[in-house]
Amino acid sequence: MEQLLTLQNIMSLVVAICVFATIVTIAGPMMNGDRLEARLKSVATRREELRRRSRADIKDRASGLRHADAGFAKTIVDRLDLKKLLEDPLVVDKLAQAGFRGPKPVSTFYFFRFVTPFALGGFAALYLYVIQGFGLSPVMKLCISVFAFVGGYYAPNLYISNTANKRRESIILAFPDALDLLLICVESGMSIEAAIQKVSSEIGSRSIELAEELSLLTAELSYLPERRMAYEGLTKRINHPGIKGVATAMIQAEKYGTPLGTALRVMAKENRDMRLSNAEKKAAQLPAKLTVPMIVFFLPVLFVVVLGPAILRVMDVRAGKPAEATSPSVADKASK
């Protein structure tokens, strides 16, 4: 058991886990399949919910879905009053930006935010104090355990932020093309709801997340009391200045009666220029970002390849082996 807990075996296990995670990350998109149908089914569920709420004339129509939430996480959150203990006024917006809507993801978020610190901190303390201490002092063990506890507290927020960023990037990459399609549909005489619905069905091959958001926007335009609330909801869910500018332009076009096609044409050009400028910014940052990987990974290999033969030759000379220049030639041996 002690041999299995040596530092070398633990490092081998960590390397194996990293290799497995890399393989899963590369092969994951190929095994997921088409998620567009499931996303649109979720949007259809929200559409039906909005229709029921519209018929019942509920006052808080823009607050979100009202799904039944009676799971284990909900029970723990209610009994411990975690929503008040770990109150975060922006948690609903953050979850919506990551693609999680309704009260159930909120309960799940508070549950993991409460459980994860104790799980990681307890595991670190158990491993260091009971299984393998690596010869560390008690103060170092305590610091590592506290660090694991604090990391567990911020781990759910980090996961939500990373998911929201990936989702936002997918939407922004396909958004200029969606605006061009929307402009074509509007100028052909379609209403804005029909145009958005048509674009959502066509843009799904480029970005499932954008197709979901546009379908959700169509549902909210149909059933929310004010169309402005639907556009503002789209802005909050995506949280990007380009999307906010488009939503503002569409709100002003409907409010003041300005041509919607002109506004869409201008916003499409601005979003395309914004995407190009972001690509140029990333390209300009590439040399600085490659400096550390080149120093860590490329230069050591280069030094080994260039200096390795010379070092081996010097080691052979010091070990007493004859050099090639002093060894008798084949012709001398033949003459003898």
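Given the structure is predicted, the values throughout are model-derived calculations rather than measurements.

On to helix α11 (residues 241-256), then. Between the first and last C-alpha of α11 there are 22 Å, a value that for 16 residues agrees with the 22 Å anticipated at 1.5 Å per step. Buried-residue contacts for α11 involve α7 (138-187), α8 (192-202), α10 (227-238) and α12 (260-318). Of the residues flanking the end of α11, it is Gly-257, one or two places downstream, whose phi is positive at about 80°.

This part is about the nonpolar core. Core analysis: the largest hydrophobic core is formed by 36 residues, its most contacted members being Leu-179, Leu-182, Ile-192, Leu-210, Tyr-231 and Leu-264. If you list the elements that add at least two residues to this core, you get α7, α8, α9 (208-223), α10, α11 and α12. Discounting residues that sit within four places of it in the chain, Leu-179 has contacts with Val-246, Leu-264, Met-267, Ala-268 and Asn-271. Within the second largest apolar cluster, 13 residues are counted, among which are Val-77, Leu-95, Ala-98 and Ala-164.

Here the focus is the pattern of salt bridges. The final tally for this structure, using the stated rule, is 15 salt bridges. A salt bridge links Glu-226 to Arg-228; the shortest N-O distance between them is 2.7 Å. Judged by relative accessible area, Arg-228 falls into the partly exposed class, the value being 36%. Linked by salt bridges that have partners in common, Arg-101, Arg-167, Glu-212, Glu-213, Glu-220 and Arg-237 make up one network.

For the chain, per-residue confidence averages 80 on the pLDDT scale, and residues scoring 70 or more make up 80% of the total. Within the chain, no element has a lower average pLDDT than helix α13 (residues 330-335), which sits at 48, and none a higher one than α7, at 91. Taken together, the stretch residues 57-67 has pLDDT below 50 and engages in 22 contacts with residues farther than four places along the chain or on a different chain. Every residue in residues 323-331 is under pLDDT 50, and counting partners more than four places away or in other chains gives 2 contacts.

The next thing to look at is unusual backbone geometry. The backbone of Asn-239 sits at a positive phi, close to 60°, despite the residue not being glycine. Asn-239 gets classed as partly exposed once you look at its relative accessible area, which sits at 46%.

Further remarks concern the packing of aromatic side chains. Enumeration over the complete set of coordinates arrives at 6 aromatic pairs. For the ring pair Phe-118 and Phe-149, a centre distance of 5.4 Å and an interplane angle of 85° mean the geometry is edge-to-face. Of this pair, Phe-118 sits in helix α6 (residues 103-131) while Phe-149 is found in helix α7, placing the two residues 31 residues apart along the sequence. Three or more aromatic residues link up through ring pairs in this structure, and these residues are Phe-114, Phe-118 and Phe-149.

Contact geometry for α11 and α12: axes closest at 10 Å, N-to-C directions at 170°. The angle between α11 and α12 falls in the class roughly antiparallel. In this structure, α11 contributes Gly-242, Ile-243, Gly-245, Val-246, Ala-249, Met-250 and Ala-253 to the contact, and α12 contributes Leu-260, Ala-263, Leu-264, Met-267, Asn-271 and Met-274. In the contact of α11 with α12, the residues fall into 10 nonpolar, 3 polar and no charged.

Conventions we followed
- Residues numbered from 1 in each chain as written.
- Predicted model: local features only at pLDDT ≥ 70, side-chain atom pairs only at ≥ 80, totals over all residues.
- Heavy atoms only, no water.
- Helix = DSSP H or I, 4+ residues; strand = E, 2+ residues; numbered from the N terminus.
- Expected span 1.5 Å × (residues − 1).
- Contact = heavy atoms within 4.5 Å.
- Core = buried A, V, L, I, M, F, W, Y, C linked by side-chain atoms within 4.5 Å.
- Buried < 20%, exposed > 50% of the residue type's maximum accessible area, 1.4 Å probe, protein only.
- Salt bridge = Lys/Arg side-chain N within 4 Å of Asp/Glu carboxyl O.
- pLDDT = per-residue confidence, 0-100.
- Phe/Tyr/Trp six-rings, centres within 6.5 Å; stacked < 30°, edge-to-face > 60°.
- Axes fitted to C-alpha atoms, helices over the stretch in contact; angles between N-to-C directions.
- Parallel < 35°, antiparallel > 145°, perpendicular 65-115°, else oblique.
- Nonpolar A, V, L, I, M, F, W, Y, C, P; charged D, E, K, R; others polar.

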